[in-house]
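Here is how the chains run, residue by residue.
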Amino acid sequence: MGRCTQCDALSSFSIRGEDFQCDHCRQVAYRCSNQTHNVCRSFTDQPDRLRRWCDFTSVIPNLDSPESVRRWAVLETAKRRLLLQVAELGLPQFTGDLQQFHPLSFEFLEDFTDENGIEQSVTTGHQDGVITINLAEVDSVHRERLRVQLNEPHRTLIGHMRHEIGHYIDWSWASRVAPAAYHQLFGDPGVTDYGESMR
């Protein structure tokens, strides 16, 4: 089972020689390259390609660490859900001109120790079209600890991604398509101090 790029259906796939065939649209299909790492179950219309959703991930974790790959798979699942929901809601698309001029990408990173032996933390967030998610967010104990520290009502992976995609849509679509109306309604974020707004 997987998602077919050509008909966009969740379908079973039959083996046809060295290739596959989507049982829904009957087109020849090829495994998404990320199936090699068990982080995707989709099929593409060309060999050795990433499925469209996987292609949005520009930085992946260390493939030599089985635990990092497992966490990556969980993040990819949440990211696919997010992008499908955005499309189903009819929100501004991250394709065509928008993707050309305001590209969207995801970086799945983990805390690390730099060359000086200093621990460096990865902060989940959005900046200029790049959504960064710390791999530690996959760990439910880590999420709950932070939820309590930050006095949040809940803390989930899909919630993080929905929050950050909201920043992306705000940054890309609102600033490109209707900036004057946006500023009239919400104010100009370029002249508003974020910390003061939060207070």
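Quick notes on the rules
- Throughout, a residue's number is its position along its own chain's written sequence, starting from 1.
- The predicted nature of this model means local features are confined to residues of pLDDT at least 70 and side-chain atom pairs, given and counted, to a pLDDT of 80 or more, with totals for whole chains, interfaces and linings taken over all residues.
- With hydrogens and water stripped out, all remaining heavy atoms of the structure feed into the side-chain values.
- Secondary structure elements are defined from DSSP: runs of H or I of at least 4 residues count as helices, runs of E of at least 2 residues count as strands, and each element is numbered from the N terminus.
- Relative accessibility under 20% of the residue-type maximum defines a buried residue, over 50% an exposed one, and the middle range a partly exposed one, all with a 1.4 Å probe and only protein chains included.
- Here a residue-residue contact requires only that any non-hydrogen atoms of the pair lie within 4.5 Å.
- Under the convention used here, a 1.4 Å probe and the Shrake-Rupley method define accessible areas, while residue burial counts only the protein chains that appear.
- Think of it this way: Lys and Arg go in the positive column, Asp and Glu in the negative one, and His and the chain ends go nowhere.
- Note that the charge is assigned to NZ on lysines, CZ on arginines, CG on aspartates and CD on glutamates.
- For two strands to pair, DSSP has to find at least two bridges joining them.
- Note on geometry: axes are lines fitted to C-alpha atoms, helical ones only across the stretch in contact, with angles between N-to-C directions running from 0 to 180 degrees.
- Stacked, edge-to-face and tilted are the three classes for Phe, Tyr and Trp ring pairs, Trp counted by its six-membered ring, which pair at centre distances within 6.5 Å; planes under 30 degrees apart are stacked, over 60 edge-to-face, the rest tilted.

Let's talk about the overall build of the chain
Move 1: In terms of regular secondary structure, the chain is built from six helices and twelve strands.
Move 2: For the chain, the proportion of its 199 residues judged to be buried stands at 38%.
Move 3: Taking as baseline every contact in the chain between residues at least 6 positions apart, the subset at least 24 positions apart corresponds to 50%.
Move 4: Of the roughly 12100 Å² of accessible surface on the chain, a fraction of 50% belongs to carbon and sulfur atoms.
Move 5: Of the charged side chains in the chain, 20 are positive and 28 negative, and the gap between their average positions amounts to 9 Å.

Topic: the sheet that holds strand β8 (residues 105-109)
The pairing of strands in a sheet happens through backbone hydrogen bonds and is either parallel or antiparallel.
Move 1: Pairing in this open sheet of four strands is mixed, and the strands run β7-β8-β12-β11 from one edge to the other. Of all the strands in the sheet, just β7 (57-59) and β11 (125-127) have a single pairing partner and so form its edges. Strand-to-strand twist of the sheet, defined as the mean angle between neighbouring strand axes without regard to direction, takes the value 30°.
Move 2: In this structure, β8 lies alongside strand β12 (residues 130-134), joined through five bridges in parallel fashion. When the sheet's bridge partners are listed, phenylalanine 106 is paired in β12 with isoleucine 131.

A look at the sheet that holds strand β4 (residues 19-22)
Move 1: Strand order across the open sheet formed by four strands is β3-β4-β5-β6, with antiparallel pairing between neighbours. Both edges of this open sheet fall to β3 (13-16) and β6 (43-44), since each of them pairs with a single strand only.
Move 2: Sheet topology places β3 next to β4; four bridges connect them, and they run antiparallel. Its bridge partner lying in β4, serine 14 is registered against glutamine 21.

Here's the deal with the packing of aromatic side chains
Move 1: Summed over all chains, the structure comprises four aromatic pairs.
Move 2: Ring geometry for phenylalanine 13 versus phenylalanine 43: centroids 3.8 Å apart, planes at 20°, classification stacked. Taken together, the residues span a long stretch of sequence, with phenylalanine 13 in strand β3 and phenylalanine 43 in strand β6 at a distance of 30 residues. Here the two residues phenylalanine 13 and phenylalanine 43 agree in accessibility, since each one is buried.
Move 3: With a centroid separation of 6.0 Å and an interplanar angle of 45°, the aromatic rings of tyrosine 168 and tryptophan 171 are classed as tilted. Of this pair, tyrosine 168 and tryptophan 171 are both found in helix α4 (residues 157-177), three residues apart, which corresponds to roughly one turn of the helix.
Move 4: Since its relative accessible area comes to 25%, tryptophan 171 is described here as partly exposed.
Move 5: Three or more aromatic residues joined by ring pairs form one cluster here, namely Phe13, Phe20 and Phe43.

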